[in-house]
Structure formats: structure tokens, C-alpha cells
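Read off the chains here:
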Amino acid sequence: MSFDRTGTPEARIAVCPGSFDPVTYGHLDIVGRAAQLYDELWVAVFHNASKNTLFSVEERVELLRETTADIPNVRVASSQGLVVDFCVKHGAGVLVKGVRAVSDFDYELQMAQMNYGLRGIETVFIPTNPLYSFLSSSMVKDVAKWGGDISPYAPEIVQSRLIERLGQD
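The rules we used
Residues numbered from 1 in each chain as written. Predicted model: local features only at pLDDT ≥ 70, side-chain atom pairs only at ≥ 80, totals over all residues. Heavy atoms only, no water. Helix = DSSP H or I, 4+ residues; strand = E, 2+ residues; numbered from the N terminus. Contact = heavy atoms within 4.5 Å. 1 Å grid on protein atoms, 1.4 Å probe; cavity = no way out; pocket = protein on both sides within 12 Å on 5 of 7 lines; lining within 4 Å. Points joined across faces, edges and corners; volume = space filled by probe spheres on them. Nonpolar A, V, L, I, M, F, W, Y, C, P; charged D, E, K, R; others polar. Axes fitted to C-alpha atoms, helices over the stretch in contact; angles between N-to-C directions. Parallel < 35°, antiparallel > 145°, perpendicular 65-115°, else oblique. Pairing = 2+ DSSP bridges. Salt bridge = Lys/Arg side-chain N within 4 Å of Asp/Glu carboxyl O. Buried < 20%, exposed > 50% of the residue type's maximum accessible area, 1.4 Å probe, protein only.

## Let's talk about the side chain of serine 136
Within the secondary structure layout, serine 136 lies in the loop between strand 7 (122-127) and helix 5 (137-145). Filtering out sequence-adjacent residues up to four positions away, serine 136 remains in contact with Thr24 and Arg100.

Structure below.
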């Protein structure tokens, strides 16, 4: 815990950003582990124009709220623009990013350096649980599209919404 100039404890606030289209057990593993490290964890759902999303931002926020409801220090919100501006708005000094492989780290390191340069926001990397090291939202959507079993990869509410959205029975 850090303290301000008056000796008052400051909350340790972090942000876990992403598109979460849809949220998977890999995402939830990172969120749960990060929530243990910080007093408050914001899960920020960002609109990414370069991604063709299946769910609207509002739907993704709703799914994250439902799947993180049992973690009392997690807050979920949506945002556009720079993640560092979201951090400043919510008093967060840290970004939390899950990394699956070296390729993730290469990209995320560049982003971390840019975010630090823009606003002095630190980035903490959490290695993905080996159970989810191959998992991505894109893979989950693709398996669901073809009627495959996604129960090991996504919560029941996400499975239901994917089946509904993709028209699978």
C-alpha cells in the first residue's frame, strides 16, 4: 500500500483493458489474479475499429459484469480513445495485461512503453495460466460457429449468448 503526502493510504487501482469479444476463461483468470493484487481493478472494454466484433460494447460489458460479479473489487466499464486517459480518469497508475506467448509480449511491450511515455502509466504483465495459453476469443467464436463444445473455454452465459448469436442449436 502506498501513502499520499498526508500519510493517508492510497488505493492501488489498476486497469485491465481489452476487447473481450467474448470474455473467456483465459480473460477471467487474468482478471481474478489481478484483482488479488490491487484494491480496485477496472476491466475496461474498448471499441477496437480494427476488429470485427460479434458483440456490441454494451453486450461485452454486460457479459463481463455477470462473469465477474463474484469478485467484489472489480468494476467494468467501456471506453473509447487512449487507455491511459481511462487510467487517469479512474485514478489508476497500472495497466494489467495477460501474455500467452513471446509474440504477445513483443506487441504488449511496445504498448507499455508508449503508455508510460504518454502518461507515466506502468504495465504489469501476468503470464497466462498454461491451461489457457492457446485460447483466444477468436478461437472460441470459431469453434462455437461450427457447433463445437466451448464449455472448457467460456462461462455458461457466454456459451448461451454465442449459440444464440450464431444460430446454433
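## Some details on the layout of surface pockets
Size it by volume and the largest pocket reaches roughly 1,200 Å³. Along the wall of the largest pocket there are 43 residues; nearest its centre are Gly18, Ser19, Lys51, Lys97 and Glu108. For the lining of the largest pocket, the secondary structure elements donating two or more residues are strand 3 (13-18), helix 1 (25-37), helix 3 (83-89), strand 6 (94-99), helix 4 (102-119) and helix 5. Of the residues assigned to the lining of the largest pocket, the class counts are 18 nonpolar, 18 polar and 7 charged.

## As for the packing of helix 2 (residues 57-67) against helix 6 (residues 156-166)
For any two helices packed against each other, one specifies the crossing angle of their axes together with the interaxial distance. Close contact between helix 2 and helix 6 brings their axes to 10 Å; oriented N to C, the two are set at 150 degrees. It follows from the interaxial angle that helix 2 and helix 6 lie roughly antiparallel. Counted together, Glu59, Glu62, Leu63, Glu66 and Thr67 of helix 2 and Ile157, Val158, Arg161 and Arg165 of helix 6 form the full contact between these two elements.

## Examining the pairing of strand 5 (residues 74-79)
As paired strands, strand 4 (residues 40-46) and strand 5 are joined by 6 bridges and run parallel to one another. Among the inter-strand pairings, alanine 44 is bridged to a residue of strand 5, identified as alanine 77.

## Digging into the pattern of salt bridges
Scanning all chains against the criterion turns up 9 salt bridges. One salt bridge in this structure joins arginine 33 and aspartate 29, with 2.9 Å as the shortest N-O distance. On the criterion of helical spacing, the pair formed by arginine 33 and aspartate 29 is a turn pair, its members being 4 residues apart in helix 1. Overall, aspartate 29 belongs to the buried group, its relative accessible area being 17%. Among the ionic pairs, arginine 161 bridges to glutamate 62, the shortest N-O distance being 3.4 Å. Linking arginine 161 in helix 6 with glutamate 62 in helix 2, this pair joins segments that are 99 residues apart in sequence. Using a relative accessible area of 13% as the deciding quantity, one classes arginine 161 as buried. In this structure glutamate 62 comes out as partly exposed when scored by relative accessible area, which is 37%. Sharing partners across several salt bridges, the network here consists of Glu59, Glu62, Arg161 and Arg165.

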